[in-house]
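Secondary and tertiary structure notes
Okay, here's what each chain looks like letter by letter:
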Amino acid sequence: MENNSQNRIGAQKRFAVRLFIAGDAPNSLIARKNLERFQESLPGYKFDIEIVDVNENPQMALQCGVFVTPALLVIDPSPETLIFGNLCNNETLRNLFPEDV
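This section reports on the structure supplied with the text.

Moving on, we come to a nonpolar patch on the surface. Nonpolar side chains collect at one region of the surface, where Leu62, Phe67, Val68 and Phe84 lie side by side and expose about 450 Å² of accessible area between them. Within the element layout of this structure, phenylalanine 67 appears in the loop between helix 3 (58-63) and strand 3 (71-76).

Glancing now at the packing of aromatic side chains. The final tally for this structure, using the stated rule, is 3 aromatic pairs. With a centroid separation of 5.5 Å and 50° between ring planes, the pair formed by phenylalanine 15 and phenylalanine 47 is classed as tilted. Taken together, the residues span a long stretch of sequence, with phenylalanine 15 in strand 1 (residues 13-21) and phenylalanine 47 in strand 2 (residues 45-53) at a distance of 32 residues. An identical accessibility class is assigned to phenylalanine 15 and phenylalanine 47; each is buried. Plain terms: the ring middles of phenylalanine 38 and phenylalanine 47 are 6.1 Å apart, the flat faces sit at 80° to each other, and that makes the pair edge-to-face. An identical accessibility class is assigned to phenylalanine 38 and phenylalanine 47; each is buried.

The terminal C-alpha atoms of helix 2 (residues 26-40) lie 21 Å apart, and with 15 residues this matches the ideal 21 Å at 1.5 Å per residue to within 8%. Listed in full, the buried residues belonging to helix 2 are Ser28, Ala31, Asn34, Leu35 and Phe38. Looking straight down helix 2, one finds that the buried residues subtend no more than 125° of arc, so they occupy a single side. Every exposed residue of helix 2 that faces more than 90 degrees away from the buried side is listed here: Pro26 and Glu40. On its buried side, helix 2 packs onto strand 1, strand 2, strand 3 and helix 4 (90-96).

What follows concerns the sheet that holds strand 3. Spatially, the 4 strands line up as an open sheet ordered 2-1-3-4, and their pairing is mixed. The outermost strands of the open sheet, each flanked by one partner alone, are strand 2 and strand 4 (81-84). On average, adjacent strands in this sheet sit at an angle of 20° to one another, irrespective of strand direction. In this sheet, strand 2 lies alongside strand 1 in parallel orientation, the contact comprising 9 bridges. Of the residues in strand 2, the one forming a bridge with phenylalanine 20 is valine 52.

Our next topic: the side chain of serine 28. Of note, serine 28 is situated in helix 2. Serine 28 gets classed as buried once you look at its relative accessible area, which sits at 2%. For serine 28, the residues in contact, after removing those within four places along its chain, are Ile21, Ala22, Gly23, Thr69 and Pro70.

As a further point, take the pattern of salt bridges. Applying the stated criterion across every chain, the model contains 4 salt bridges. Taking the shortest distance from any N to any O, the salt bridge between arginine 14 and aspartate 48 comes out at 3.2 Å. Taken together, the residues span a long stretch of sequence, with arginine 14 in strand 1 and aspartate 48 in strand 2 at a distance of 34 residues. In this structure, the salt-bridge partner of glutamate 36 is lysine 33, at a minimum N-O distance of 3.4 Å.

Quick notes on the rules
- Residues numbered from 1 in each chain as written.
- Predicted model: local features only at pLDDT ≥ 70, side-chain atom pairs only at ≥ 80, totals over all residues.
- Heavy atoms only, no water.
- Patch = residues over 30% accessible without salt bridge, like charges linked within 9 Å, V, L, I, M, F, W, Y side chains within 5 Å.
- Areas by Shrake-Rupley, 256 points an atom, 1.4 Å probe, with all protein chains shown as cover.
- Salt bridge = Lys/Arg side-chain N within 4 Å of Asp/Glu carboxyl O.
- Helix = DSSP H or I, 4+ residues; strand = E, 2+ residues; numbered from the N terminus.
- Phe/Tyr/Trp six-rings, centres within 6.5 Å; stacked < 30°, edge-to-face > 60°.
- Buried < 20%, exposed > 50% of the residue type's maximum accessible area, 1.4 Å probe, protein only.
- Expected span 1.5 Å × (residues − 1).
- Arc of directions from axis to C-beta.
- Contact = heavy atoms within 4.5 Å.
- Pairing = 2+ DSSP bridges.
- Axes fitted to C-alpha atoms, helices over the stretch in contact; angles between N-to-C directions.

Here's what the structure looks like:
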């Protein structure tokens with residue numbers, strides 16, 4: 001039975017994203033919550049989410065071209081895509097994560 005559960009996990013569609021925030025700023029908190037809700041709306045998908053607080057790691061933000069927060073960098077699926085804002089537009093998010101990946 002363990003092999004079956006491992007196969008299902010392996011079959012999940014996987015996405016890798018990096019969310020840039022500025023501490024507990026209001027829009028950063030909203031973006032985190034919206035990303036969490038979006039992830040929950042796609043139960044067949046596995047999201048690898050890295051949270052980068054630009055207050056603690058400004059160099060990573062600069063290296064990724066992030067000058068405004070919140071920002072979401074979609075690493076996989078490629079090509080990398082960067083969007084800015086509090087992630088309140090689900091249609092924009094759905095377009096970034098194709099269902100056929």
